[in-house]
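Topology and contacts: notes
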Amino acid sequence: MYKNKKGNTMVMADKKTRVERETTQKQEGSRLYQPFRALGYITSSIPHSIQYRGQAAFITAGIGRSFHIYDSEKINLLFVGPRFDADVVSVLSIGDETFVSSGGQVTICQRAKRVGELEAVNRGEISSLMQFGDYIIAISEDNAVVIWNRVTRELFTEIEFESESFRVTAVVHPSTYVNKIVIGSAQGSMQVWNIQTRRCLYEFKPFGSGIACMVQAPVIDVVALGLLDGRILLHNVKLDSPVMQLAQEGRVTSLSFRTDDVPMMATSNAEGDVAMWDLNNKRLLHVIQGAHDSTIPSIEFLAGQPLLLTSSADNSIKEWLFDGQEGVPRLLRHRSGHFAAPHMIRYHDDDGRCILSAGRDRSLRYFSVFRDAQN
């Protein structure tokens, strides 16, 4: 202790405060080298989500422990989501809200800022988020279908299954079917459930291969199934009768239908190919071999437009335009980054604004540190 000029006792508070600050900095790490932003991170191996505001479409893509929101007009980056404690497993965009599944918890974000969470469930990772009216439906790691009320954010109900007999892989809501969902399994069978009564209303016979994905077809009562053996089935769930069967090379990873009065369906596989199908004549129109360099978890035709959006685990998003008569699309625009680790990174200007990188994917890329639209 010391005395100041007026004779008052002065405790060494400044020194104590400085020591505590230095200790805190050592625990938190250096403040000089904090993460600022990630360059060249476009998308990952999880399906993207598309939301519409008027005629404009916006793409939400998970990237590691965060997510990006792009516009569909130029695929420009609009928002970067917060960083989560675990990898993002699934994303769903509804209006101004983005639902993000990470670490077994579903977080709600608005304009890339956290605003709340859905009621916690102790069921491991939560995947395959989808909207069903005022409900959010997902598949849990322990083989249950979990349903929340989107308005109250409370858990509505849970439907559990035995993994040995019915391993849940996909869920779809058939249009006009009130309170009903169709659940697909790895064993190749489907069940129709009423979520209000928690009753199984009907079970379909197995299709001979596991169900990888399901979507509603443009026709009422018809659901499209993508199977692990490469078959694509259009099935009438009301009559339990097949409508059409097609087949592609490799397991089906995603399906989508055009909604601009053209009877066309697109399917993707794990090898990065996209197939176009003529539904009137039940034949293959065209295959985009190597549309991506890795598996394609989601493809989707934009509503009312001849545009197909594809995203892949090769760290790219692409838009394909159908402006010809033969059903052969052309690449309209894309945004991509390295899909293999970069092994050399150098600034190539004196201002430190631009970076050149060479990757093990045999590509040389240019990145702007400040303007993502220039990348």
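Residues numbered from 1 in each chain as written. Predicted model: local features only at pLDDT ≥ 70, side-chain atom pairs only at ≥ 80, totals over all residues. Heavy atoms only, no water.

Across all of its chains, the model carries six aromatic pairs by this definition. Taking the centre distance of 4.7 Å and the plane angle of 50° together, the rings of Y135 and F156 count as tilted. One end of the pair, Y135, is in strand β12 (residues 135-140); the other, F156, is in strand β14 (residues 155-160), and 21 residues separate them in sequence. Note on Y135: relative accessible area 15%, which makes it buried. Look at F161 and W193: their rings are 5.6 Å apart centre to centre, the planes differ by 80°, and that puts the pair in the edge-to-face class. Of the two residues, F161 is situated in the loop between β14 and β15 (168-172) and W193 in strand β17 (residues 190-194); the sequence distance between them amounts to 32 residues. On the basis of relative accessibility, which here comes to 12%, the residue F161 falls in the buried class. Among the aromatic residues, those joined into a ring-pair cluster are F132, Y135 and F156. (Phe/Tyr/Trp six-rings, centres within 6.5 Å; stacked < 30°, edge-to-face > 60°. Helix = DSSP H or I, 4+ residues; strand = E, 2+ residues; numbered from the N terminus. Buried < 20%, exposed > 50% of the residue type's maximum accessible area, 1.4 Å probe, protein only.)

Here we take up the sheet that holds strand β9 (residues 105-110). Spatial strand order, β7-β8-β9-β10: four strands in an open sheet with antiparallel pairing. The open sheet is flanked by β7 (88-94) and β10 (113-117), the only strands paired with a single partner. When the angles between neighbouring strand axes are averaged without regard to direction, this sheet yields 30°. Sheet analysis places β9 next to β10, joined by four bridges and oriented antiparallel. Looking at β10, one finds that I108 is bridged to G116. (Pairing = 2+ DSSP bridges. Axes fitted to C-alpha atoms, helices over the stretch in contact; angles between N-to-C directions.)

Looking now at the side chain of T253. Within the secondary structure, T253 is located in strand β23 (residues 252-257). T253 sits in the buried class, given a relative accessible area of 13%. Within the local environment of T253, its side chain forms a polar contact with the side chain of S268, the two groups lying 2.7 Å apart. At a separation of 2.6 Å, a polar atom in the side chain of T253 contacts the main-chain carbonyl oxygen of I296. (Polar contact = N/O pair within 3.5 Å; in protein donor to acceptor, adjacent residues only side chain to side chain.)

We now examine the sheet that holds strand β29 (residues 316-321). Read across the open sheet, the four strands follow the order β27-β28-β29-β30; overall the sheet is antiparallel. Taken across any chain shown, the strands that pair with only one partner, and hence form the sheet edges, are β27 (298-301) and β30 (330-336). Strand-to-strand, the axes of this sheet are offset by a mean angle of 15°, without reference to chain direction. As paired strands, β29 and β30 are joined by six bridges and run antiparallel to one another. Opposite K318, over in β30, you have H334 as the bridge partner.

This next bit is on the environment of F257. Looking at the secondary structure, you find F257 in strand β23. Considering only alpha carbons, one finds F257 and V215, 42 residues apart in sequence, at a separation of 8.9 Å. Apart from the residues within four sequence positions on either side, F257 is in contact with V215, Q216, A217, P218, A224, L234, M264, M265, L279 and F301. (Contact = heavy atoms within 4.5 Å.)

For the coordinates displayed, the defined rule picks out twelve salt bridges. E158 is the partner of R123 in a salt bridge, and the nearest nitrogen-oxygen pair spans 2.7 Å. In this pair, R123 sits in the loop between β10 and β11 (126-132) while E158 sits in strand β14, placing the two residues 35 residues apart along the sequence. A salt bridge links D323 to R330, with the nearest nitrogen and oxygen atoms 2.7 Å apart. (Salt bridge = Lys/Arg side-chain N within 4 Å of Asp/Glu carboxyl O.)

Both strand β25 (residues 274-278) and strand β26 (residues 283-288) contribute to a ladder of five bridges, which runs antiparallel. Across the sheet, residue W277 finds its bridge partner in β26, namely L284. Connecting the antiparallel pair β25 and β26 is a turn made up of four residues, with K282 showing a positive phi of about 55°.

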